[in-house]
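Topology and contacts: notes
Listed below, chain by chain, are the residues.
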Amino acid sequence: MKFFKFFLAASIVCSGFSAYAYNVDGFFSTALEVSKDKGESSETLWENYLNIDNAKIYDPYLGFNFYGRFATDSEEDSDSQSDVYSAYLDYTSFQNAVEVKAGRFSYIGNRFLTLDGALATVRTDYKFGVTAFAGKPQYFDADGRHINEEFRKTGDKMYGGRVFLNGVKDMTGYVSYSKEYDSDLTYQEFTGLGLGRVFALSGKNILSIDAKGEYDMLEHNFYRGTIRAYLKRDALRLIAEGSKYNVKDGTNYDDVLIISNFSTGQEEKMAFTVQYAFSENVSPYVSVVHSKIEQESGDIVNGQIYKAGADFDWFKTKGVTANIEGYYYDSETANAKGASAALDWSLTKQFRLTFEGETLRLENYVTDENIYSLYADAEYNIMKDLTLSIYAENSKETYYLPENRYGVKAVYSF
């Protein structure tokens, strides 16, 4: 009930802003969805999202931002599935020299972790800037697909900051510190470092290298991070990347089913990809990935994924972009053969179709079995600012994806 009052108040405030403010952007969406998991009865969910993007209270300096969800289902009459993902005032000075947020907002670089507090950023003329923040942390699942994510428990307080490069051509970098704790326990204490550089080569060719990571000061080890090198030379693309993460810290889980299905969400991987554009329409690629995942048993399992696929782009002529991929997974505990496909087709300016699918044959695990995930969406622009879509998703033996769901959704942009 509290959320509904907040939601209604935000709508009224938004309407008031639209009458007096210079600029109000955002959207309102409403959807009715039916879902059913194995061994459970069908559940009907009605959910609404409201987004207000920097509505100017005092243009151009002071703005209001809001993003929230109000939902009810067939089994619950409470508003337990409703959340305010962000609701904050945003002050920005001339040329963004000073920026202040106060309220509830997404933590730096993580849209799942929010802070109830304040954040201030100062950008100087001396090639660096400073950000400081403090507040109460909390995780929200803002994915929209109701994926079975399990976030870690957070502390009562969190503070920290970073010093970053500002206005340095072709270069980014920062050092950071954060501490999360309550009265009895320190949950996390990290120091972080990030650095990136883009090198211009001949013509439109480039080489970019960037890396970032965080060191756990309590456990005295490297906790998470990424490193990536990208080379574009004419039609050739080379990508080398490595990462270490835990999805319970809010990492957006996007991996092949064989990895996401049989791990706790902790993973390390190193990958190398070679892609060559034979034309502006077809770009095949091959990739080798070494992965190290933690399974539910606590065992650390090493494995390799060998991929081959192609990206297709006929958007200018036919409104179509697509991808197909096949892969083979080989590990100490299981083998698998998988394939995936994705299609985005704009039949007209108003009508668009989307399809995503993945299937794999799991071998040498407990039993041989087939696993798959399918998603389809049809979207139509009824008028300039109003879109109607229908969607359906079906999965078998997947952990991080919903099993069966379908629905209809309307989005009004303002």
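Just above, that's the structure.
From a predicted model like this one, the values you see are computed outputs, not experimental measurements.

A few words now on the overall build of the protein. If you tally the helices and strands in the protein, you get three helices and 22 strands. Relative to its 414 residues, the protein shows a buried fraction of 39%. Contacts spanning at least 24 positions in sequence make up 46% of the contacts within the protein whose residues lie at least 6 apart. Approximately 22,700 Å² of the protein is accessible, and the part contributed by carbon and sulfur atoms is 57%.

The next subject is unusual backbone geometry. Going from D59 to P60, the amide bond is cis rather than trans, its omega being 5 degrees. You can see P60 is positioned in the loop between strand 2 (43-58) and strand 3 (62-73). One non-glycine residue, N54, adopts positive backbone phi at about 55 degrees. In this fold, N54 is placed in strand 2. For H220, which is not a glycine, the phi torsion comes out positive at approximately 55 degrees.

Under the definition given, this model contains 17 aromatic pairs. Summarising the aromatic geometry, the rings of Y85 and F140 are spaced 5.9 Å apart at their centres and angled 80 degrees between planes, so their arrangement reads as edge-to-face. Here Y85, found in strand 4 (residues 83-92), pairs with F140, found in the loop between strand 7 (128-139) and strand 8 (157-165); they are 55 residues apart in sequence, far enough to count as distant. You can call F140 buried: its relative accessible area is 6%. Counting every residue linked through ring pairs, the aromatic cluster contains F27, Y49, Y67, Y85 and F140. The lysine or arginine in question, R162, covers the ring of Y174, its NZ or CZ lying 4.1 Å from the ring centre.

According to the stated counting rule, one finds 13 salt bridges in the structure shown. In this structure, the salt-bridge partner of E47 is R69, at a minimum N-O distance of 2.8 Å. With a gap of 22 residues between them, E47 in strand 2 and R69 in strand 3 connect regions that are remote in the sequence. Comparing E47 with R69, the two get one shared label, buried. Members of the salt-bridge network, linked through shared partners, are R152, E180, E214, R224 and D249.

Within the largest apolar cluster, 18 residues are counted, with the highest numbers of intra-cluster contacts made by I258, I259, I305, Y329, L360 and L362. Counting residues per element, the ones that place at least two in this core are helix 2 (257-260), strand 15 (282-294), strand 16 (300-314), strand 17 (320-331) and strand 19 (351-363). Per-element tally for this core: the top contributor is helix 2, with three residues. Excluding residues within four positions of it along the chain, L360 makes contact with L257, I258, Y327, A336, K337, G338, E369, N370 and I371.

What follows deals with the pairing of strand 18 (residues 335-346). Sheet topology places strand 17 next to strand 18; eleven bridges connect them, and they run antiparallel. Looking at the pairing, A322 lines up with L343 of strand 18. Hairpin connection, strand 17 to strand 18: the antiparallel pair is bridged by three residues. Bridging between strand 18 and strand 19 involves twelve bridges; their strand directions are antiparallel. Its bridge partner lying in strand 19, A342 is registered against E356. Where strand 18 folds back onto strand 19 in an antiparallel hairpin, the turn is made up of four residues.

With that settled, consider a nonpolar patch on the surface. Taken together, L32, W46, Y380, I382, M383, L388, I390 and V408 make up a surface patch of nonpolar side chains, about 740 Å² in accessible area. Elements that contribute at least two residues to the nonpolar patch include exactly strand 20 (369-383) and strand 21 (386-396). If you trace the backbone, I382 turns up in strand 20. In this structure I382 comes out as partly exposed when scored by relative accessible area, which is 46%.

Next up on the list: the side chain of N48. By the element assignment, N48 lies in strand 2. Look at N48 and you get buried, because its relative accessible area is 3%. A distance of 2.8 Å separates the side chain of N48 from the side chain of T30, its partner in a polar contact.

To continue, consider the pairing of strand 7. Consecutive side chains along a regular strand alternate between the two faces of the sheet. The sheet contact formed by strand 6 (residues 110-123) and strand 7 spans eleven bridges and is antiparallel. Opposite A118, over in strand 7, you have A134 as the bridge partner. Between strand 6 and strand 7, which pair antiparallel one after the other, the connecting turn spans four residues, and K127 there sits at a positive phi close to 70 degrees. Across eight bridges, strand 7 lies against strand 8 in antiparallel orientation. The partner of F133 across the bridge, within strand 8, is G160.

Analysis parameters
Residues numbered from 1 in each chain as written. Predicted model: local features only at pLDDT ≥ 70, side-chain atom pairs only at ≥ 80, totals over all residues. Heavy atoms only, no water. Helix = DSSP H or I, 4+ residues; strand = E, 2+ residues; numbered from the N terminus. Buried < 20%, exposed > 50% of the residue type's maximum accessible area, 1.4 Å probe, protein only. Contact = heavy atoms within 4.5 Å. Areas by Shrake-Rupley, 256 points an atom, 1.4 Å probe, with all protein chains shown as cover. Phe/Tyr/Trp six-rings, centres within 6.5 Å; stacked < 30°, edge-to-face > 60°. Lys NZ or Arg CZ within 6 Å of the ring centre and 35° of its normal. Salt bridge = Lys/Arg side-chain N within 4 Å of Asp/Glu carboxyl O. Core = buried A, V, L, I, M, F, W, Y, C linked by side-chain atoms within 4.5 Å. Pairing = 2+ DSSP bridges. Patch = residues over 30% accessible without salt bridge, like charges linked within 9 Å, V, L, I, M, F, W, Y side chains within 5 Å. Polar contact = N/O pair within 3.5 Å; in protein donor to acceptor, adjacent residues only side chain to side chain.

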